[in-house]
Amino acid sequence: MIVPIWIIFASSTHSNSVIQSDGMQWFMGDQFIKNYDQVLNKKGGFSEEVTATKLFLNSFIMAIGIATLTIITSLMAAYTIVYFRFKFAVPLFWAIFITLLVPLELRIMPSYQIVSDLHLINTYTGLILPLSASAIATFFFRQFYLSIPDELLEAAKLDGANSWKFFIDFLLPLSKTMMAAMFIFMFVYGYNQYLWPIIMTTSEKYWTVIMGMKIIFMANTVERFAYIILSMMPPVFIIIFLQRWFIQGLFQSK
Amino acid sequence: MKKVQFNSYFTQYFFVAPQLIIILIFLYLPIVQTFTDAFTIQDPFGFGRYFAGFDNFTFVLSDPAYLTALRFTLIFIFVITFFSCSIGLLLAVQANNVIHGKSAYKTLLIWPYAIAPAVVGVTANYFFSERLGLLYSFFHNLWGFDWYDNVHDAYIYVFIAASWKQISANFIFFLAGLQNIQKSIIEASVIDCKSSFRRFWTITFPLLMPTTFFLIIINITYAFFDTLGIIDTTTIGAPSGETKTLVFKAYIDGFRGLDLGSAGAQSIIMMLIVLVITVFQFRFIEGRIHYN
């Protein structure tokens, strides 16, 4: 699994002429600092004004925005679905879950239309909101709430907790692992978005790292190799260091 | 649903409102628009549109290029699901047997899950480029591999690019599934049967069935939607449109061709396909909860 990435990494530490004359390299060269510094700080793009560092910043804003917004709205929506008795509960449940059928790829043209009507082209809001319209997290939180014993609510009610108090003092602390797992999941999802930023952003100020892949951002081959390696770092590190919470949240949250 | 619940006139709406508003604006509105697009034809100069019934659908479904994309998508889904599931399972069984250094082994396999399809595509691009590509020259020496011209070679290229990342996702889920199997069952089976191969097929594998089903669905959705970034950074449909998936084609027709009617009709056809998959998935996940 790791071999292709290693070759790209090793090749990214050579000088461009080595790659051009001898092909890809299996062992590291001596140009590591120079190449990576070049990639992060050289101004590129059509206007020659944005750096890769700026793209990273945009990607983080987008990914954290999507993850936070989705978790907050999903936690709340799942709470309504599981813990309230009212006549619209069932239609509401379906209205939310039917959305699992329609990923962004299927509604991309009209979504673009709506976002541009709302004047959100080239804004962070426009990057974040349409991708937060997702019921996957709601689904997981619902499953999690359903696995909490009924006795908890009974006991809380005996103690005089109302719906707000129960949500804040009981459910939120219990959901921590699940929230962490969902945050990792949504962060990776948001960071890795490709199509939506391409369509949404006409200004280089809002380019993200992943869409920068396609648009030729770096001039020479070694710099593109370094860019590839850098672009996969944030989600990969998050998964490696937080895998325990991720796996716990998704599989053993009971 | 819960036996004990809250009764309230107002609070429940407050809690559901944020998600509902986002979904209404960014999901239901676009869906309505998709249907409008699919059943109307827009004047080429943008002066109004007229109702066209199923014209867009017949146009799409009788287009040979669309049928090629449909056929490719089906093959693509099948190959990716089959190979990445079986390799993922194999690695998970191995990881589960490793006693020392389990977490190192796990970490080594888990991270490709987090890499974006587009990044995988660009990486694969270098390995299959004519000038620098190691895999290109390797295959080229074997049988004259050339994905720029040969359809089957182009298939191989996108299959490898798209499966690579998915193996690790399957690995995580299979490993979790294996660790959920009770130790006592495995111990009992060791007493009954010596051959570890037979033990796997008669005891472990049937116990993994829920995981397997779930993963098949996950892989189908991956191959269907998420591979757009891979196609767009590898072959872009080369040699001549044979490696376009349905999602990729809808995107190209809509955004590059600006044919809203056709793109809308394609979206609705895909929604129907996803509907079938999701109904299956939903019933299965609901069933799994009872199972556990």
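Residues numbered from 1 in each chain as written. Chains lettered and ligands numbered in written order. Predicted model: local features only at pLDDT ≥ 70, side-chain atom pairs only at ≥ 80, totals over all residues.

Caption draft 1: Region of the structure containing the overall build of chain B. Helix and strand content of chain B: 13 helices and 2 strands. For chain B, the spread of C-alpha atoms along the principal axes amounts to about 75 × 70 × 30 Å. The proportion of buried residues among the 292 residues of chain B is 39%. The long-range fraction of contacts in chain B, counting pairs at least 24 apart against all pairs at least 6 apart in sequence, stands at 69%. (Helix = DSSP H or I, 4+ residues; strand = E, 2+ residues; numbered from the N terminus. Buried ≥ 20, exposed ≤ 12 C-beta atoms within 10 Å, placed from the backbone. Contact = placed C-beta atoms within 7 Å.)

Caption draft 2: Representation of unusual backbone geometry in the model. Residue and element names in this part refer to chain A. A positive phi is found at H119, a non-glycine position, where the angle reads about 60°. Tracing the chain through its elements places H119 in the loop between α6 (108-117) and α7 (124-132). By the C-beta count within 10 Å, which is 10 here, H119 ends up exposed. For N122, which is not glycine, the phi torsion reads 60° and is therefore positive. Structurally, N122 is set in the loop between α6 and α7. Overall, the presence of 16 C-beta atoms within 10 Å leaves N122 in the partly exposed class.

Caption draft 3: Summary view of the domain arrangement of chain A. For chain A, the assigned domains are domain 1 (1-38) and domain 2 (50-214). A C-alpha centroid distance of 38 Å is found between domain 1 of chain A and domain 2 of chain A. (Domains from an automatic or database assignment.)

Caption draft 4: Seen up close, the interface of chain B and chain A. Listed per partner, the contact involves 62 residues of chain B and 61 residues of chain A. Contributing elements (two or more residues each) for the side of chain B that touches chain A: α1 (11-38), α4 (102-110), α5 (117-127), α7 (151-180), α11 (228-233), α12 (246-256) and α13 (260-291) of chain B. No other element matches the 16 residues that α1(B) contributes to the side of chain B that touches chain A. A breakdown of the residues in the side of chain B that touches chain A according to their chemical character gives 43 nonpolar, 16 polar and 3 charged. (Nonpolar A, V, L, I, M, F, W, Y, C, P; charged D, E, K, R; others polar.)

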